Amino acid sequence: MPEKIAVEMRGVTKRYPRVLACDGVDLSVRQGEIHAIIGENGAGKSTLMKILYGMVRPDEGSIKLNGKPLIGHSASDSIKLGLGMVHQHFMLIDPFTVAENVVLGIEPTKAGLFIDGRAARERVERLSTEYGLALDPDERIENLSVGLEQRAEIVKVLYRGADILILDEPTGVLTPQEVTELFVVLRALRESGRTIIFITHKLNEVIELADRVTVMRDGSVTGVVSAAETTPEELATMMVGRDVLLRVERQEATLGEPVLTVSKLSALGRKGTHVLENVDLEIRSGEILGIAGVQGNGQTELVDAITGLHATSSGSVTLSGTDITNLKPRAIRDLGVAHVPEDRLERGIVPDFSVAENLLLGHHHRAGYSHRGLINVAKMEEHARTLIAEHDIRPADPSISAAHLSGGNQQKLIVAREFDGAPTLLIASQPTRGVDIGAIEFVHTSILKKRDAGVAVLLVSAELSEIMTLSDRIAVMYGGRIVAEFEGGTVSEEELGRYMTGAGDSGDEPVRNRPLDDNSPGQAAAGGEA
Amino acid sequence: MSPPGALGTITRARKSDGAGKLVSLLSPLVAVLAAFLVGGLVVAAIGESPLRFYSVLFRGAFGSVDGIGLVLFNATPLIFAGLAVAFAFRSGLFNIGGEGQLYIGSFVCAWAALKMPGAPAVLLIPVLILASAAGGALWAAIPGYLKARFGVHEVINTIMMNFIAVALTGYLVVEIFKEPGQMTPQTAVIPVAGELPRLAGFFQSIAVPLPNANPLNASFLIALVAVWLAWFILYRTTLGYEIRAVGHNTSAAEYAGINVRRTLVMAMLLSGAFAGLVATNEIMGFRHRFLDNFSSGIGFMGIAVALLGRNSPLGVLFAALLFGVLNTGALEVDIFTDVPRELILVVQAVTIILVVVGNEIVRRRLAGGAQKRRPSKEGLEAS
């Protein structure tokens, strides 16, 4: 059958000072298909999409949209031509309502002066019902969950008449349930004849949702395959250029003494509300406790409370018998707590510092590195060279500024620094967020090595597969509380997902160790509430 | 969600890395040249010959050993004031209170000197240098503490501290410490043992004919030491490491166990100390007494010096020298041309603006050019 090509990019090349971001890339997207573009960070996916959308000008190459050549177009031209982009970081104004956000820039007006609020609301409602995007047009963005914010973004793009939608890493911030709902919406959009370009690095999603896949590596296309005829392993190999372990090998845990004991811990947020409520946790030496949860349910505050970065209001944190509740961060670090922070750019590194200086962060005051107030520069560089070699941080240059490393290498830097110096408790928060498959493999292996060496590990991740692969025990956080706790391997992703969204939250004691073959926890919890 | 600014930081850093050090060296030079070009247009617009204007200006600055000595003398207080701003900037604080800090430093210096009439030079000179620094440090520590303890913005407090310092020293020098029997609001002359030697004698001894009347004094050497000291503190001490960590990324510093509040106060303290050292030139080296309202904005010029010098100690040195050239040359222009005094100030200010703006433009241009010149694949591993 004659297939119409919606987007045709040929020989697209884009050079940056230190990087060839796109090297003669060809992309062909058929009308009405869901086309996934996958690749590691820095593979050139985002640059390619920015070129298509007109935000970045290519050095070479041609673009055709529905058969018509596009030359030197801008993002606003793209919108007129029916291209719409849902960015990874939503472009919404928090205090505005959904309807106000959707019509922003092309508001329906009365007499050209006043915004016609009713017309805006009606149009938003029509669009959202048409594609099953349940959304209240009058709700303020700040009151919406991330999943709903994303819907508002999609409606915004549809309102602008897009028939080709580009979604940049749309599932990164969603719960499993929200991902399922998003896929329903995307399929409905495909039914309506729209074309969807879907950027991701999650291989299972590609297989599940996409029709065809373009794989990129180092700025080039390494393959175009039909999603039905490929496997995650094959895609991973195309992405990385070598065989990758998608699941790391792990041995039975050898449990030792309790290292971290959190007891009845509560903390208040900025608005004076409880962000942590009576949290109880215990991690033994040689054990990984995984905390699953939708972001913003107290995981950040839990980690910060343990590490002395967030004041607690009641309860206690004990490290190998020593009370560390509300100690200063430095004192807690010096007692052997290492912390891979959830946001590496916000906390994990000082981008303007050199790699060597970054590798010293938090150790810089210790004997050997600091003597009578002076930094031992020779020692600092030696330390950096050792860690760079041990952890294969690239480029292997201690003097380069950390901002010039890729996300994966920045993460390796943080892991190298935090794992150094024999910690007794290792807190790893979102340790693989935004890093590519090769680095994920490395981080996971490193965490398991530490655990096998007798370190107690607290793993916080929004990535359920990560929690499930690594954890010896899994706790689920919702609304600042631990709502369920399971032995590793006794719970399914779906079940965890239900607890993460509060479906299993009875408001009482956490559910513990429900075996898989039991009734679904959703029902059990519903019973509890009744 | 990670902050949307995060990616921006990386791209920005990448760009500035373009041709690296070369760009950061070249751009101020090209910018200064461009500034003189446009400054010439301003001169032409007021009906004077740009060529004559600049030839007189440069003759004033470079035409004689005396001129060069004056350039260094004029640059000296600006080096201290620039270092003060640059140093605080490294901790993320905008210290625009240099003016107030240098007034207090100068007053404390003069006061201490007058309190120690019989002290020998070997004792008095170090004490006065420390007193100058301590006065400035104390004055800067107040807004520093308010910032660290209560999060009050340092800009508003340093401005207020400027008003207080100028008014307070004015009051003290008029009402309490005025030189007996004089109408001028100034203190008595400090003991000779507290004076910093002029450099004319030294230069003459190595056959450089710097006239005896030239005010260049040993404070310039202290300024050079201060440039080195600022660099050393920032890049070789644990405190400097912590200051820079706090300045570049406060939450990372906090996460690393750095006491952010203490670090901020320390940074302001040291920043104020640099500002206070202006007294070594103004009081110990030149006036030999405290005069009400003597500074006329040295502290504020320090902001421009620091920004032009990209907040690096060495950059501050060069930026201060440029200002020294302009100030010195302007005197000559005033004497030898018909350009009105006010317009010299205008051209001077326009030149500074153009240097700052031009520096930014040239830097971007050069960085952009570097993009085209280096389409190599080497960065791929890095990304």
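Values in this document were obtained by computation on a predicted structure and should not be read as measured data. (Residues numbered from 1 in each chain as written. Chains lettered and ligands numbered in written order. Predicted model: local features only at pLDDT ≥ 70, side-chain atom pairs only at ≥ 80, totals over all residues.)

Leaving glycine out, the prevailing phi sign among residues is negative, and the prevailing peptide bond configuration is trans. Look at the link from A:R394 to A:P395: it is a cis peptide, with omega at -10°. A positive phi angle, near 60°, is found at B:N293, a position not held by glycine. Looking at the element boundaries, B:N293 is found in the loop between α13 (278–287) and α14 (298–308). A positive phi angle is found at B:S296, which is not glycine, with a value near 45°. (Helix = DSSP H or I, 4+ residues; strand = E, 2+ residues; numbered from the N terminus.)

Let's shift gears to helix α4 (residues 65–90) of chain B. All names here are of chain B. Taking 1.5 Å of rise per residue, the 26 residues of α4 would be expected to cover 38 Å, and the 36 Å separating its terminal C-alpha atoms lies within 8% of that figure. In terms of burial, α4 is largely enclosed, as 22 of its 26 residues are buried. At the exit of α4 stands G92, carrying a positive phi of roughly 90°. (Expected span 1.5 Å × (residues − 1). Buried ≥ 20, exposed ≤ 12 C-beta atoms within 10 Å, placed from the backbone.)

Another point: the pairing of strand β18 (residues 337–340) of chain A. When a strand is regular, its side chains alternate between the sheet's two faces. All names here are of chain A. Of the two faces of β18, the one holding V337 and H339 and the one holding A338 and V340 are both buried throughout. The pairing of β18 with strand β21 (residues 425–429) spans 4 bridges and is parallel. Following the sheet pairing, V340 is matched in β21 by A428. (Pairing = 2+ DSSP bridges.)

It is worth spelling out helix α8 (residues 232–240) of chain A at this point. Residue and element names in this part refer to chain A. Restricting attention to buried positions, one finds in α8 the residues L235, A236, M238 and M239. Angular distribution of buried residues about the axis of α8 spans 165°; they occupy a single face of the element. In this fold, the buried residues of α8 make contact with β3 (34–39), α7 (203–209), β11 (212–217), β12 (220–226) and α15 (437–452). Phi turns positive one or two residues past the end of α8, at G241, with a value near 90°. (Arc of directions from axis to C-beta. Contact = placed C-beta atoms within 7 Å.)

Residues and elements named next belong to chain A. Overall, antiparallel pairing links the 4 strands, which are arranged β2-β1-β4-β5 in an open sheet. Edge strands, defined here as strands with exactly one partner in the open sheet, are β2 (20–30) and β5 (68–70). On average, adjacent strands in this sheet sit at an angle of 20° to one another, irrespective of strand direction. In the sheet, strand β4 (residues 60–65) pairs with β5 via 3 bridges, with the strands oriented antiparallel. Paired with K64 across the bridge in β5 is P69. (Axes fitted to C-alpha atoms, helices over the stretch in contact; angles between N-to-C directions.)

Moving on to the packing of helix α5 (residues 98–115) of chain B against helix α12 (residues 260–276) of chain B. Packed helices, taken two at a time, are described by their axes: the angle between them and the distance between them. Residues and elements named next belong to chain B. It is at 7 Å that the axes of α5 and α12 come closest, and there the two elements cross at 65°. Judged by the twist between their axes, the crossing of α5 over α12 is right-handed. Contact with α5, carried on its side by G98, Q101, L102, I104 and G105, involves G272, A275 and G276 of α12 and no other residues of that element. (Left-handed = near helix turned anticlockwise from the far one by under 90°.)

Attention shifts here to the domain arrangement of chain A. Along its sequence, chain A is carved into domain 1 (5–240), domain 2 (246–336 + 424–435 + 449–530) and domain 3 (343–421). Here the C-alpha centroids of domain 1 of chain A and domain 3 of chain A sit 37 Å apart. (Domains from an automatic or database assignment.)

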